[in-house]
Structures are given as structure tokens and as C-alpha cells.
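Structural overview
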Amino acid sequence: MDHPAFADAGGEPGIEIWTIETSGDNNSTYSYDAHFWLGSKTTQDKKGSAAILTVTLDDMLGGKAVHHREIQGHESSQFLGYFKPAIRYLEGGNESGFTEVDTNAGAEKRLLRLSGCENMRIEEVPADSTSLTKEHCFILEVDHDIFVLVPEGAKATHRRKIISVANKLRDDDHNGRATIEIIDEFSSDDDVALFFEALGSGSKDDLPDFQSSDSFSRTSPTEVFLYKVLVGDEIELVAMKKPYKQKHLSSDEIYVLDTPDSGIFLWLGKDVDPEVKKNYHDIAQKTLEINEYPSWLHVTRMSEGSESSTFKQYFHSWDIGTTNFSAELDAGYASGDEPEAAAYKIGKSAAARGYMPDKGEGNLVVTRFAGDQEDITEKVTQELTVFYNSDVYVLKYKYTDDNGEDACVVYVWMGAKSKWSDKNAAIQFGRDIEQEEEGSVTVIKVPQGKEPKHLLSVFKGNLVVVMGSKDNDYNPENSKGTYDDDNIRLFKVEGTEIGVDMRAIQVPEKADVLEADDVFVLETKDVVYVRNGKESDPKEQEIALNFVKLVVGDTKEVTVLEQGDEPDEFWEALGGAPEEKEDASDWRSSASRRVTTPASLTAVTVTMRGKILFEELPPKFTQEDLSDDGAYILDKGEELYLWQGKNIPKRVKDARTEIIQEYIKDDGLDRTADTALVVMVKQGKEPKVFRNKFPSWDNDMWNNQTSYEDMKNNTKAANSK
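Residues numbered from 1 in each chain as written. Predicted model: local features only at pLDDT ≥ 70, side-chain atom pairs only at ≥ 80, totals over all residues. Heavy atoms only, no water.

**Some details on the overall build of the chain**
Within the chain one finds 19 helices and 30 strands. Rg of the C-alpha trace for the chain: 29 Å, near the compact-globule value of 27 Å for 721 residues, within the 12% margin. Dimensions along the principal axes, computed over C-alpha positions, put the chain at roughly 95 × 65 × 45 Å. Burial status across the chain gives 52% buried among its 721 residues. Per element, the accessible surface of the chain, about 34600 Å² overall, is 45% carbon and sulfur. Averaged over its 83 positive side-chain charges, the chain has a centre that lies 2 Å from the centre of its 135 negative ones. (Helix = DSSP H or I, 4+ residues; strand = E, 2+ residues; numbered from the N terminus. Rg over C-alpha atoms; globule rule 2.2 N^0.38 Å. Buried < 20%, exposed > 50% of the residue type's maximum accessible area, 1.4 Å probe, protein only. Areas by Shrake-Rupley, 256 points an atom, 1.4 Å probe, with all protein chains shown as cover. Lys, Arg positive; Asp, Glu negative; His and termini not counted. Charge placed at Lys NZ, Arg CZ, Asp CG, Glu CD.)

Next up, the structure:
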């Protein structure tokens, strides 16, 4: 079905908006997002029509659009990002002819509440003190007087947006002829009293805390669910088994992906009946009802082949094709390589591939935490560095940055079997280094197995992680505790560049841990087997032989094996040969996650009462979204960057560990606060890999910004009646 209103849709990039009024193939190379917005007072027939007409629009665009159902008051950050500085809700609609506000008409009394900090919404509330809260900003219009009430603790970006909104109201609704008075924590008692006098009741001391209605209970607060939808007289959801993979999605079926952070996704195969596709909103509504979810929960519909990065990130593997490597060009992996070779390097490389402040030629001090604190710098050599999985290590690395200034990176490496007491002591030690270095420090929390490429380069690619503890005098151990009897240990060797990111790690001595893309070293009583996976790199094979000499010694016979040529003795040492794996190589799924995971920016607020709040910014975030008195998380999927402005409150600095724990604990992704790689970034010390995620970067931006006080003064100077 075509619709004349959509005749010219999608011809040019940008946003196009249609309203819904009810009564009784495209070959473009663009990708599309189609949002249908439902006002809080809309009728049921308009809700249905909105979804159906969105399908009609999508059909005319070749079925490439991702559909987003947006509910008033609960819109996605992507949708709110289209409306700057804030989206505003007005009474009325088609029936009222979308009557505009008379300019310069004044208002007997109108109270507007601005909710959100980064993604702001404006809605009219009853002009009464009972509508006020401590957390929100309010604009009170009385005739031609505009009062702006700014909450204590509001960030600089928030304050700028609020003043922009007030100025826009004065220009648009009052023809520039209104007086704006800004009431904040710096205002006198008399000025504060003027606001409440104009409102007619209440006082600043009586403001209540805001009680959000956005929270609700899921079966599991942290888990992701994938259901196949059976469409008949009744809609039935059949749970799929993990791990979720792209190949489990059938082209003639519909699936529901239920996530803790991103709402509900409906995936429609390309061969699904067109009539069923058209009425997908019925499936969405039924899904909400079955799970007892609120009606405002965000629903995203996508067709096979037009999946968003946000959707893909919840799958264990996704076919990345042969051309989706533009995001990795800055890391130097795709340039000059065939796509398959580039994907191999991306999947095999170390974590945080783009974080390379230098080439690892600086000065290093290593402190070990294992019940006590010990400087072990003299025990660290470039020929071989051994970390034990029961310990925590703090690496203080000093170097000269690109500006010729002294800089410092503090790595806090945490073994998989390390104790909480050692972790906490190491974290505090890292904070002490920050104080000593007067703030020019980047702190990186590194869980075992997530070693950044730069950390490995400091050790020239000769880092080995083994099982063992101080309690056992660091004698060799294995996962079964039987090393003294059988001398069996198993190591995985991997990397992409000799002298840079090579590493070896001791793994459980079981056959099912073997991968086709790595080299494994199996130590037994008399023989050391070096098993080359069929997709392993020759450089890994070379390093593995060197590793045997340094770690295992040269007293045992060394036998090099190719995958498929393992003798019975090899499998006996590992408890028997493994069953054939569905995915014999790990690099493909690793490359998939690294390339398809979308980067996101989330603002962090720590309230005066210590509550931690998060607000995701629109996908097209810019440097201007970073406030010098705020904290933000740049999430790249594999690693998190916690950016801290120079003027953040002490309560935010003190809560950094809790911020990461709260952010990660319910996102539904395959990570925990313990396993996440976290980089603490400070304003003015941003690494290149961080800056590259923004459209442009100006090191002097914050110095050149108009201050809040200047904005207030400029607004006051423009007052007239």
C-alpha cells in the first residue's frame, strides 16, 4: 500500500516528521530510522495507525528502516537527540489544529517542568508548589515574568541548556519582551522568595525528592532473553537457548529480544508474511502484556539485514561480512590488509587495541599485592615477566606524551583468583599515585585476560600469566591441584605482533579449551607438546617455542604437533579427546564483537544524597556534551572510559568504583564489574582512541566556553518589557 504523504520520503538525509490523522521498491543506499511517537493522550486508533503507516513508509523505502515506538515521557535518547535544546510537549493536536501560542501574549500563570539532564523534556504541570521537586528545573511564567528555578548540583551543560530554553521562550512566546530571573543556589533569600510569591505557595525548604515511575521488575534484572514468536489465534513466546547466534534466526520467523537496558526488539525475517509484518505492533503489545511490562517500554522493530549495532551486541557472534572495518582503521589493522586478514588481526589482537599512548619505552615500577605490598620491579625483565593469578599488580608507567609533557599510566592488574583485600589495597595505592602525580595520571583497571595492547608492549610481548600463589611459594600449580604428581600444565599462546602484544596464559588442563586459532603448550612429566592450531599465526608458533625454553625449561623433550596429529598420550594428559566444536576458532566471534558493538556515551550524576544516576546521550554525541563539572562513560563494549571533568564534585571522585559497578551490573552483556576493562580518563589528558570517537575535538573548548555566570549576566542584560 502506497501513501501520497510518503511520495518523496527518504530522498535526502535528515529528519522527516509526519503526524497521524485517522478516519474510517526504493534503491537508495541510505539507512533509515523511522520513529512513531505516541502522545500520552492519543487514542487507540491513532496508535494502531501510527504503526501501520510506519510500515507503509518503510515499504516505500525498501524495507530498510528500523522502527522505534516512542512514548511521551519515555522516549529513547536517539529520538530526544533530534530536538535541541529540549523537546516540548504541548496540549492539543489535530483536532485543535495544532494551535500555536500567541507571541507576546503573556501567560496568567504557567509552570513548566524540565526533566532530564542531557536529554531534556519540557512539559506543563499544575502551577502549584506540589509540582516542584528538588531534582528538576522549573520555568514559571507569570504574565511577562519568566522565573527559572535551577536545582542545586545541576551540571554546567544542564545550566546552559536551561538558560537556552528560557531565552527561546522569551523570543518565541513573548516576542523577546519578557524579564528572565534565574534562581539558583547563589541567589539571595529575597530572590528565592520572589519565585514562590509569584507561584503563590511553597518554599525552597519544602521541596520533596522526585519519585521516578520508570522502574519496573523483570524476571531477571540482568539477563537477556530471546524468544521465537508463534503467531496463531494466540501469540506464544518460545524461549531460545544460549548462546544466541545470528544463524539461529530463521528468515521465515519472528523473534523477540528482551534486554534489560535497550527495551524490546522485534526481528522480522525476510520471508515473514507481509500481513503479519504490518501488524507487528500487536505482537509487541502482547509481549509487553505477557511479561507484565509497562506500556511505555521502548520497542524497536527491525527487518532481517537491517539490524542495528545495538541489537547485534547481544549476540555471541554476528557475521561481520568483508567490509565492516572502518571503525578499526585508526588502530591500523584494516589498512593494507584483505578484509579476512584484517578481521583475523582484530580478533586475535589484545584488548583496547587503539589505546597506545607510546610504544612502551617509558619507565616502569611494579608493585605486587599478595597479603602485603612488595616492590618487584627488579624481578621484571623484558625477556620474561610472570604474573600469578592469585596476585594483584600495580604498574606505574611514566613516559613523555605527544606534547612533550610528563605523563603517567597506572595499570591495576587483577588476577582471576586474587582476594578482595588485595584488590582494594591496590586500588587505594593507585589513588595515592594520582595524588602524588598531581592529577596527570590515567588509571586503568585490568582484569586477567583483558590486558591492553599497550600494557603488553611495556613487557615487549613477553608476559606470562600462571597459576600459583604466595601461600605455595609460587611453585608450579595446575587447576586440579595435581601438578606435583603428574607435572601437567596447559598454556595458550596468542598475539599478532612479536615484541608487542604476544602473551601466554595458563589454562585448565582440559581438551575443550583448545582452539584452532591459537598455539597450546602442554607440559607433561617427560614431554612438552607444542600444538599449532590450524589457524594459528606463524609468529605465535615461534613465540611458543621460545616460551617453552623460558618457562618450562630445556630438560624435557619438545614435540611440535599440528592440529589433527595429536598422539594418544596428548589426549590422555587432557582427560580424553574433545567433542567437535561448533565454533573451532575464537577470533571470529571476538572480531564480530569488536566491530559491531556500538560506542555510546552516558552521563553520570551522583546526587547530593549519593544516588548514582545514568542518562545515555544520543548516538551522535559531540565534545560539547562533556561538561567540565561532570563525569561520562564512553562504552566501546570491550573497554569503558570513565571521563572526569576538571571540576567534578568530590562525591563523584569518591564514587568511581561504585559508578562502574552500577553501570555494568544490569546491562545484560557478557561482562561484570570484575571482568570489565576500565580506563579512567581526565579532562585534558584524553587518549587519541577516546578523542577519535567524537566528530571533532578542540583541546581549548572548555577554556573558550562562555561561563555560567556570563550566561546569566547576558540573559539579564537582555531583559526588557
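From this point on, the discussion continues.
**Topic: the pattern of salt bridges**
Tallied over the entire structure, the rule returns 35 salt bridges. Where Asp372 meets Lys470, a salt bridge forms, and the shortest distance between an N and an O atom there is 2.8 Å. Highlighted residues: Asp372 in the loop between strand S14 (363–369) and strand S15 (373–375) and Lys470 in the loop between strand S20 (463–466) and helix H11 (483–486), separated in sequence by 98 residues. For Asp372, a relative accessible area of 38% puts it in the partly exposed group. Through salt bridges with shared partners, a single network forms among Arg88, Arg110, Glu141 and Asp173. (Salt bridge = Lys/Arg side-chain N within 4 Å of Asp/Glu carboxyl O.)

**Quick notes on the environment of Arg218**
Tracing the sequence through the fold places Arg218 in the loop between helix H4 (189–199) and strand S9 (225–230). Sequence separation between Arg218 and Asn291 is 73 residues; the distance between their C-alpha atoms is 7.8 Å. Non-local contacts of Arg218, meaning those with residues more than four positions away in its chain, are made with Glu223, Phe225, Asp258, Thr259, Pro260 and Tyr293. (Contact = heavy atoms within 4.5 Å.)

**As for the packing of aromatic side chains**
Counted under the stated rule, the structure contains 29 aromatic pairs. Relative to Tyr82, the ring of Phe79 lies with its centre 6.3 Å away and its plane at 75°, an arrangement referred to as edge-to-face. Judged by relative accessible area, Phe79 falls into the buried class, the value being 8%. Classification of Tyr82 by relative accessible area gives partly exposed; the value is 31%. Both rings, one in Phe690 and one in Phe694, keep their centres 5.3 Å apart while their planes meet at 40°; by these two values the pair is tilted. Neither residue differs from the other here; Phe690 and Phe694 are each classed as buried. Grouped by ring-pair contacts, the aromatic residues Phe621, Tyr632, Tyr641, Trp643, Phe690, Phe694, Trp697 and Trp702 constitute a single cluster. Against the face of Tyr280 rests Arg301, its NZ or CZ located 5.2 Å from the ring centre. The lysine or arginine in question, Lys423, covers the ring of Trp420, its NZ or CZ lying 4.6 Å from the ring centre. (Phe/Tyr/Trp six-rings, centres within 6.5 Å; stacked < 30°, edge-to-face > 60°. Lys NZ or Arg CZ within 6 Å of the ring centre and 35° of its normal.)

**Quick look at the nonpolar core**
Among the nonpolar cores identified, the biggest contains 76 residues, and Val521 and Leu626 are the most heavily contacted of them. The dominant element in this core, judged by the number of residues it contributes, is helix H12 (residues 538–552), at five residues. Sequence-distant contacts of Val521, defined by excluding residues within four places in its chain, comprise Arg489, Leu490, Phe491, Val493, Val528, Tyr529, Val530, Ala544, Phe547 and Val548. The next biggest cluster of nonpolar side chains, apart from the first, holds 28 residues, and it includes Val394, Ile633, Ile659 and Val678. (Core = buried A, V, L, I, M, F, W, Y, C linked by side-chain atoms within 4.5 Å.)

**Quick notes on a negative patch on the surface**
A cluster of like negative charges, contributed by Glu181, Asp189, Asp190, Asp191, Asp205 and Asp206, occupies part of the molecular surface. For Glu181, the position within the fold is in strand S8 (residues 179–183). (Patch = residues over 30% accessible without salt bridge, like charges linked within 9 Å, V, L, I, M, F, W, Y side chains within 5 Å.)

**Some details on unusual backbone geometry**
Note that the residue after Lys84, namely Pro85, is joined by a cis bond; omega there is 0°. Turning to its location among the elements, Pro85 is positioned in the loop between helix H2 (77–80) and strand S3 (86–88). The omega angle of the peptide bond from Lys242 to Pro243 is 0°, so this bond is cis rather than trans. The residue Pro243 is located in the loop between strand S10 (236–239) and strand S11 (254–259) in this model. Non-glycine residue Asn175 carries a positive phi angle of around 55°. Its location among the elements puts Asn175 in the loop between helix H3 (156–173) and S8. A relative accessible area of 43% means that Asn175 is categorised as partly exposed. Look at Ala352: it is not a glycine, yet its phi comes out positive at around 50°. Position of Ala352 relative to the elements: it lies in the loop between helix H8 (339–348) and S14.

**Quick word on the pairing of strand S2 (residues 65–71)**
Burial within S2 is extensive, with seven of its seven residues counted as buried. Across the two faces of S2 the burial is the same, with Ala65, His67, Arg69 and Ile71 and Val66, His68 and Glu70 all buried. Relative to S2, strand S1 (residues 32–38) runs parallel, the two sharing seven bridges. Paired with Leu38 across the two strands is Ile71, which belongs to S2. In the classification by handedness, the crossover that spans S1, the intervening helix H1 (residues 44–60) and the parallel S2 is right-handed. Pairing analysis gives three bridges linking S2 to strand S13 (residues 299–303), with the strands arranged antiparallel. Following the sheet pairing, His68 is matched in S13 by Thr300. (Pairing = 2+ DSSP bridges. Right-handed = clockwise from strand over helix to strand, strands pointing away.)

**Overview of H12**
Given a rise of 1.5 Å per residue, 15 residues ought to cover 21 Å, and the 21 Å separating the end C-alpha atoms of H12 matches this to within 8%. Taken residue by residue, H12 has Glu540, Ile543, Ala544, Phe547, Val548 and Val552 as its buried positions. Capping the start of H12 is the job of one residue whose side-chain oxygen sits 2.7 Å from the backbone nitrogen of Lys539: Asp537. Just downstream of H12 lies Gly553, where phi reads positive at about 100°. (Expected span 1.5 Å × (residues − 1). Polar contact = N/O pair within 3.5 Å; in protein donor to acceptor, adjacent residues only side chain to side chain.)

**Details of a nonpolar patch on the surface**
A grouping of Ile15, Ile17 and Tyr82 is seen on the molecular surface, where their side chains present a nonpolar patch of about 310 Å² in accessible area. One can find Ile15 in the segment before S1. Of the residues examined, Ile15 reaches a relative accessible area of 51% and is grouped as exposed.

**Structural notes on the pairing of strand S29 (residues 639–644)**
Across the six residues that make up S29, a large majority, six, are buried. A two-sided burial pattern is seen for S29, the buried positions comprising Glu639, Tyr641 and Trp643 on one face and Leu640, Leu642 and Gln644 on the other. With five bridges connecting them, strand S28 (residues 631–635) and S29 associate as antiparallel partners. Paired with Ala631 across the strands is Gln644, a residue of S29. The antiparallel hairpin formed by S28 and S29 contains three residues in its connecting segment, where Gly637 sits at a positive phi of about 85°. With six bridges connecting them, S29 and strand S30 (residues 677–682) associate as parallel partners. Bridged to Leu642 within S30 is Met680.

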